Amino acid sequence: MSYNDDNYNLDFNSHIAAEMCVEWIRDWFENNGNGCKAVIGISGGKDSSVVAALCVKALGKERVFGVLMPNGEQADINYANELCEFLGINNVTINIESVYDTAIAKISDALETTLSEQTTINLPARLRMATLYAVSQTVGGRVINTCNYSEDYIGYATRYGDGAGDMAPLAKFTVQEVKSIGRYLGLPEKFIEKIPSDGLCGKTDEDNLGFSYGTLDKYIRYEVPPKVEIKSKIDKLHKKNEFKLQPMPSFDYIRTVARQRIYDARRLQKKNGLVSTK
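To keep things clear, this report deals only with the structure shown in the data block. (Residues numbered from 1 in each chain as written. Predicted model: local features only at pLDDT ≥ 70, side-chain atom pairs only at ≥ 80, totals over all residues. Heavy atoms only, no water.)

### Remarks on the pairing of strand E3 (residues 90-93)
In the sheet, strand E2 (residues 64-68) pairs with E3 via 4 bridges, with the strands oriented parallel. Its bridge partner lying in E3, Gly 66 is registered against Asn 91. Note that the unit made of E2, helix H3 (residues 77-87) and E3 has a crossover that is right-handed. (Pairing = 2+ DSSP bridges. Helix = DSSP H or I, 4+ residues; strand = E, 2+ residues; numbered from the N terminus. Right-handed = clockwise from strand over helix to strand, strands pointing away.)

### Some words on the pairing of E2
The buried fraction of E2 amounts to 5 of the 5 residues, a majority that puts the element mostly inside the structure. By the alternation rule, side chains of E2 split into Val 64, Gly 66 and Leu 68 and Phe 65 and Val 67, which are all buried. When strand E1 (residues 37-41) meets E2, the two strands line up parallel, connected through 4 bridges. Pairing of Ile 40 across the sheet is with Gly 66, part of E2. After leaving E1, the chain enters helix H2 (residues 46-59) and then returns to the sheet as E2, a path that is right-handed. (Buried < 20%, exposed > 50% of the residue type's maximum accessible area, 1.4 Å probe, protein only.)

### What about helix H7 (residues 175-184)?
Here H7 lies mainly inside the structure; 8 of its 10 residues are buried. Buried within H7 we find Val 175, Gln 176, Glu 177, Val 178, Lys 179, Ser 180, Ile 181 and Gly 182. Each element contacted by the buried residues of H7 is listed here: helix H1 (14-32), H2, helix H6 (149-153), helix H8 (189-192) and helix H10 (213-222). Directly after H7, the chain includes Gly 186, whose backbone phi takes a positive value near 85°. (Contact = heavy atoms within 4.5 Å.)

### Some details on the packing of helix H4 (residues 97-111) against helix H5 (residues 117-139)
Two numbers describe how H4 lies on H5: the axes approach to 10 Å, and their chain directions differ by 130°. With respect to H5, the element H4 is oriented oblique. Along this stretch, H4 crosses H5, giving a crossing that reads as right-handed. Only Thr 120, Leu 123, Pro 124 and Leu 127 of H5 make contact with H4, whose side of the interface consists of Val 99, Tyr 100, Ala 103 and Ile 104. (Axes fitted to C-alpha atoms, helices over the stretch in contact; angles between N-to-C directions. Parallel < 35°, antiparallel > 145°, perpendicular 65-115°, else oblique. Left-handed = near helix turned anticlockwise from the far one by under 90°.)

Listed below in structure tokens is the structure:
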């Protein structure tokens, strides 16, 4: 398979993938929230659009609840509104600007310093997730994660922000696969091909990354290596952010004590000549 082969994902069957995912969502809710709503942060981009469409197909539109969360003025908020209208789902708009501004001011005052750029970038995502859980607990729901495999692989998600949730339908699908599922579900192209951006500096995600999602997907799904410098960048991002995908480390006191006791017992046996040292 050549690197320039645009048909690299032809073996992906969007029909089978979507229908199996729908069934998985339905089964998950039966076991983890029977009768609950799927609460989804809606941006109008491919990920939230596809997740919402999958949940509508799995649960019915009455059990899908969209939450729009601009931080002040959001130029492309119409995409989110139109997506909710297209799917026919109930939704609310909660502007997080005042909460964000207050948090920035309070934390800055307490630390007596200007907050780091990374803090100001990640805080809105974490405030949005807190908002989603507040909505979810109020309307009787479960928060649905909208991250995809490509973004997770390189850490392009905020831990305890958009990286959180109760279940993640797209976590094992690449960007190209998510788009393919969106088309199978009948979503308009404007939602599928909406260019993602950080909403801060005016750059797209791909501008910030320095490579396209198409290039990334070929590499992580089909092991088609990109140019050396891009491969190196992808590998470094994955290594640097891999911890985000792991459970929180915890000190296992019981296991540690058990190991210590086994070690001490063996050492005592060797000391008393009960165990061969050969």
